[in-house]
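# Remarks on the overall topology
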Amino acid sequence: MTPGALLEADQLLSRHAARIAVLRERLAAAVDATRGSAVRVSAVGDVSVVAPPHGYGDDRGSGSGHGRLGSGSRRGGHGSGSGQSAAGAPGQADVALAVRVAAEIDAVLAAADRSDQETAKALHALATAARTGWAGSPVAVPSGVGLLQLAQWWAGLSDAERRWLVAHRPEQIAGLDGVPVTARDRANRDLLDRELDRLREAVAASPGDTAARTRLDALSGLYHRLAAVEPRAYLLRFSAGGDGRAVVSFGDPDVSDNVATYVPGAGSSLDAFEGELDRAATLQQAATARAPGEGTAAIMWLGYDAPDGLDAARDDAAVAARPELTSFQAGLAATHEGGQARLTLIGHSYGSLAVGVAERDGAVVADEIVALGSPGMGVDRAAELRDPAHVWASTAPNDIVRFAPSPGEAVVGVLAGGPGMVALGSASDAVLGGNADLWHGTDPSAAEFGARAFPSKAGADPVDAHASYFDPAGPALRTLAGIVTGPATPP
């Protein structure tokens, strides 16, 4: 097989494995729901209702068969109350539980069978295509069309045409919102391989080129991150120009029930983004642990030119990010398979300004919006965003962002006594009053902003606090996982 065929096979098997992992959790939850009841699940998956003479036991089968509801062992008919009836026979609650569990087992096994068949069929087609030389006709990528039209164009192509585009025009496919994740992943990995080869040659030719060495080290780390097995990572965008662009998803957003997009803040670039990847991966793990019976993907979206240093005092980068972020979120909805996913958009630090500007000036596709350690979202009130009831915010008590003065405070401070007075005034405001008036608007975590504020732990120092929102030991990550997965849905 060609490298392209092997990568596609890896994608197919990873998707199948992720589905089976979710189904296994659903099956376990269904069996666990019968503990302490009169419902029994046999080793082959048969479900029955019994009335044990000495109370309910807890020995349960593994549910490895099908979910037929056995009636032979059910005695006493339907009781009039919940639990056991007065005569010791099971009541309506046990019978209803048995029906639900049997239906869930049937649904899980049917879904596993469909995934088996779909994966086998796709692998067979892939092997056939690889044996015939990976043939495909040249295809032109349409220009000047909307996202939905682009998605329809892609859907109308043959498998051979799609593979030709990925193999021969990766630079055109790599950044196309509306094209499925798996195709973009293959195209972007090709671009990453090319850039790694170029950097290796540059470093070999000029060992003292520290810029090339720094970039090579960072992208080598990304390469190894993409090679990890679980959760599988998908490279949804890659561009090496300037500070670079990288969009990485942990989990496949096209088939996940929950999808979170994390927008990092100032200073992020291809030279320094390993920590941002760690945050997205940590969020994916926490959300998966909270809702193991659902698929969750978490995306690190460095799809904009994040500002450096004093440039973060302007909103230029946030405004420039607006069309890219809006298109990306719309693309997630367009390529998602089955019902729509629950989409959460999270901005940290300056990234929250990018999120706020995109939401303020357009209609970003997101069910929930979250601001972490925000210097302001470009608005003074959550009511200026599309749906303030679904805007969340958290700022650690000693986050350095709280010490940022508003433009008005800065002007008054300079006129009153110079830069030192600005620093003194903003620090006093932060300590005594929470400093709700920040550089880019009202603090989203302040009561007057009107978002749904949640707590974060204090850091060892103000800089540490600004980076602590994804700390597994802190309360913010638990809340984030709950926002991403939404209300619990027990079987």
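None of these values were measured; they are calculated from a predicted model. (Residues numbered from 1 in each chain as written. Predicted model: local features only at pLDDT ≥ 70, side-chain atom pairs only at ≥ 80, totals over all residues. Heavy atoms only, no water.)

### Quick look at the overall build of the chain
- What the chain contains, in helices and strands, is 14 helices and 13 strands.
- A separation of at least 24 residues holds for 68% of the contacts in the chain among residues at least 6 apart in sequence.
- Taken as a whole, the chain presents about 21200 Å² of accessible surface, with 57% of it coming from carbon and sulfur. (Helix = DSSP H or I, 4+ residues; strand = E, 2+ residues; numbered from the N terminus. Contact = heavy atoms within 4.5 Å. Areas by Shrake-Rupley, 256 points an atom, 1.4 Å probe, with all protein chains shown as cover.)

### Side note on the nonpolar core
- With 96 residues, the main nonpolar core has Trp154, Leu222, Phe273, Leu283, Tyr304 and Ile346 as its most contacted residues.
- In terms of residue count, helix H6 (residues 181-205) provides more of this core than any other element does, eight residues in total.
- With sequence-adjacent residues up to four places away left out, leucine 283 is seen in contact with Ala260, Ala298, Ile346, Phe470, Leu477, Leu480, Ala481 and Val484.
- Counting 17 residues, the second largest nonpolar core, distinct from the first, contains Leu27, Val41, Val49 and Ala111. (Core = buried A, V, L, I, M, F, W, Y, C linked by side-chain atoms within 4.5 Å. Buried < 20%, exposed > 50% of the residue type's maximum accessible area, 1.4 Å probe, protein only.)

### A word on unusual backbone geometry
- Look at serine 349: it is not a glycine, yet its phi comes out positive at around 55 degrees.
- Along the polypeptide, serine 349 turns up in the loop between strand E8 (342-348) and helix H10 (350-360).

### A word on the side chain of aspartate 94
- Here aspartate 94 shows up in helix H2 (residues 92-131).
- Arginine 40 is the oppositely charged side chain nearest to the buried, salt-bridge-free aspartate 94, at an N-O distance of 7.8 Å.
- From its side chain, aspartate 94 meets the backbone nitrogen of alanine 38 in a polar contact 3.4 Å long. (Lys, Arg positive; Asp, Glu negative; His and termini not counted. Salt bridge = Lys/Arg side-chain N within 4 Å of Asp/Glu carboxyl O. Polar contact = N/O pair within 3.5 Å; in protein donor to acceptor, adjacent residues only side chain to side chain.)

### Re the environment of alanine 30
- By the element assignment, alanine 30 lies in helix H1 (residues 3-32).
- For alanine 30, a relative accessible area of 1% corresponds to the buried category.
- Taking C-alpha positions, alanine 30 is 7.3 Å from isoleucine 105, a pair spaced 75 residues apart along the chain.

### Considerations on the pattern of salt bridges
- The final tally for this structure, using the stated rule, is 28 salt bridges.
- For arginine 342, the salt bridge identified is with glutamate 368, shortest N-O distance 3.3 Å. One end of the pair, arginine 342, is in strand E8; the other, glutamate 368, is in strand E9 (residues 368-372), with 26 residues separating them in the sequence.

### Some thoughts on the sheet that holds strand E6 (residues 258-263)
- Ordered in space as E4-E5-E7-E6-E8-E9-E10-E13, the eight strands form an open sheet in which the pairing is mixed. Two strands close off the open sheet at either side, each with one partner strand: strand E4 (233-239) and strand E13 (452-453).
- Relative to strand E10 (residues 391-394), E9 runs parallel, the two being bridged by four bridges. Residue pairing in the sheet places valine 370 in a bridge with tryptophan 392 of E10.
- Relative to E8, H10 is tilted by about 130 degrees, and along the sheet it contacts E6, E8 and E9.
- Strands in contact with helix H14 (residues 475-485) are E6, strand E7 (296-302), E8, E9 and E10; relative to E8, the strand with the most contacts, it is inclined by about 145 degrees. (Pairing = 2+ DSSP bridges. Axes fitted to C-alpha atoms, helices over the stretch in contact; angles between N-to-C directions.)

### Some details on the confidence of the model for the chain
- Here the chain shows a mean pLDDT of 85. Residues at 70 or above account for 83%.
- Here residues 54-66 scores under 50 on pLDDT; set against residues more than four positions off or in separate chains, the count is 48 contacts.
- Predicted confidence is poor over residues 409-434, with pLDDT under 50, and the contacts of this stretch with residues over four places away or in other chains come to 25 contacts. (pLDDT = per-residue confidence, 0-100.)

### Observations regarding the environment of aspartate 437
- Position of aspartate 437 among the secondary structure elements: in strand E11 (residues 437-438).
- Separated by 61 residues in sequence, aspartate 437 and glycine 376 place their C-alpha atoms 8.4 Å apart.

### Details of the pairing of E6
- Among the six residues of E6, six are classified as buried, and the element is accordingly described as predominantly covered.
- Residues Asn258, Ala260 and Tyr262 point to one face of E6 and Val259, Thr261 and Val263 to the other, with burial holding for every one of them.
- Bridge count between E6 and E7: five bridges; the pairing is parallel. Bridge assignment links asparagine 258 to a residue of E7, and that residue is threonine 296.
- The parallel pair E6 and E7, bridged by helix H8 (residues 274-290), forms a crossover whose chirality is right-handed.
- The pairing of E6 with E8 spans six bridges and is parallel. If you follow tyrosine 262 over to E8, its bridge partner there is isoleucine 346. (Right-handed = clockwise from strand over helix to strand, strands pointing away.)

### Focus on the environment of alanine 122
- Looking at the secondary structure, you find alanine 122 in helix H2.
- Its relative accessible area of 24% is what places alanine 122 among the partly exposed residues.

### Comments concerning H14
- Within H14, eight of the 11 residues are buried, which leaves the element mostly enclosed by the surrounding structure.
- Turning to H14, its buried residues are Ala476, Leu477, Leu480, Ala481, Gly482, Ile483, Val484 and Thr485.
- One or two positions beyond H14, positive phi appears at glycine 486, with a value near 75 degrees.

### Some details on the packing of H8 against H14
- Taken N-terminus to C-terminus, the directions of H8 and H14 make an angle of 70 degrees; their axes are 8 Å apart at the nearest point. As far as their axial angle goes, H14 and H8 are roughly perpendicular. As H8 packs across H14, the resulting crossing turns out to be right-handed. Residues Thr282, Leu283, Ala286, Ala287 and Arg290 of H8 lie in contact with H14, whose contacting residues are Leu477, Leu480, Ala481, Gly482, Val484 and Thr485. (Parallel < 35°, antiparallel > 145°, perpendicular 65-115°, else oblique. Left-handed = near helix turned anticlockwise from the far one by under 90°.)

### Some remarks on the pairing of E7
- Along E7, seven of the seven residues are buried, which leaves the element largely enclosed by surrounding structure.
- Along E7, one buried face is formed by Thr296, Ala298, Met300 and Leu302 and the opposite face, lined by Ala297, Ile299 and Trp301, is buried too.
- Where strand E5 (residues 245-250) meets E7, five bridges bridge the pair, whose relative direction is antiparallel. In the strand pairing of E7, valine 248 is matched with methionine 300.

### Section: the packing of aromatic side chains
- A full pass over the atoms with the stated rule returns five aromatic pairs.
- Ring plane angle 45 degrees and centroid distance 6.4 Å describe the contact between tryptophan 301 and phenylalanine 328, whose orientation is recorded as tilted. Placement of the pair is tryptophan 301 in strand E7 and phenylalanine 328 in helix H9 (residues 316-335), with a sequence separation of 27 residues.
- Note on tryptophan 301: relative accessible area 2%, which makes it buried.
- On the basis of relative accessibility, which here comes to 4%, the residue phenylalanine 328 falls in the buried class.
- For the ring pair tryptophan 392 and phenylalanine 454, a centre distance of 6.5 Å and an interplane angle of 65 degrees mean the geometry is edge-to-face. With a gap of 62 residues between them, tryptophan 392 in strand E10 and phenylalanine 454 in the loop between E13 and helix H13 (462-466) connect regions that are remote in the sequence. Neither residue differs from the other here; tryptophan 392 and phenylalanine 454 are each classed as buried.
- Through pairs of rings, three or more aromatic residues link up here, namely Trp301, Tyr304 and Phe328.
- Its guanidinium or amino end placed over the ring of tyrosine 234, arginine 232 lies 4.5 Å from that ring's centre, counting from NZ or CZ. (Phe/Tyr/Trp six-rings, centres within 6.5 Å; stacked < 30°, edge-to-face > 60°. Lys NZ or Arg CZ within 6 Å of the ring centre and 35° of its normal.)

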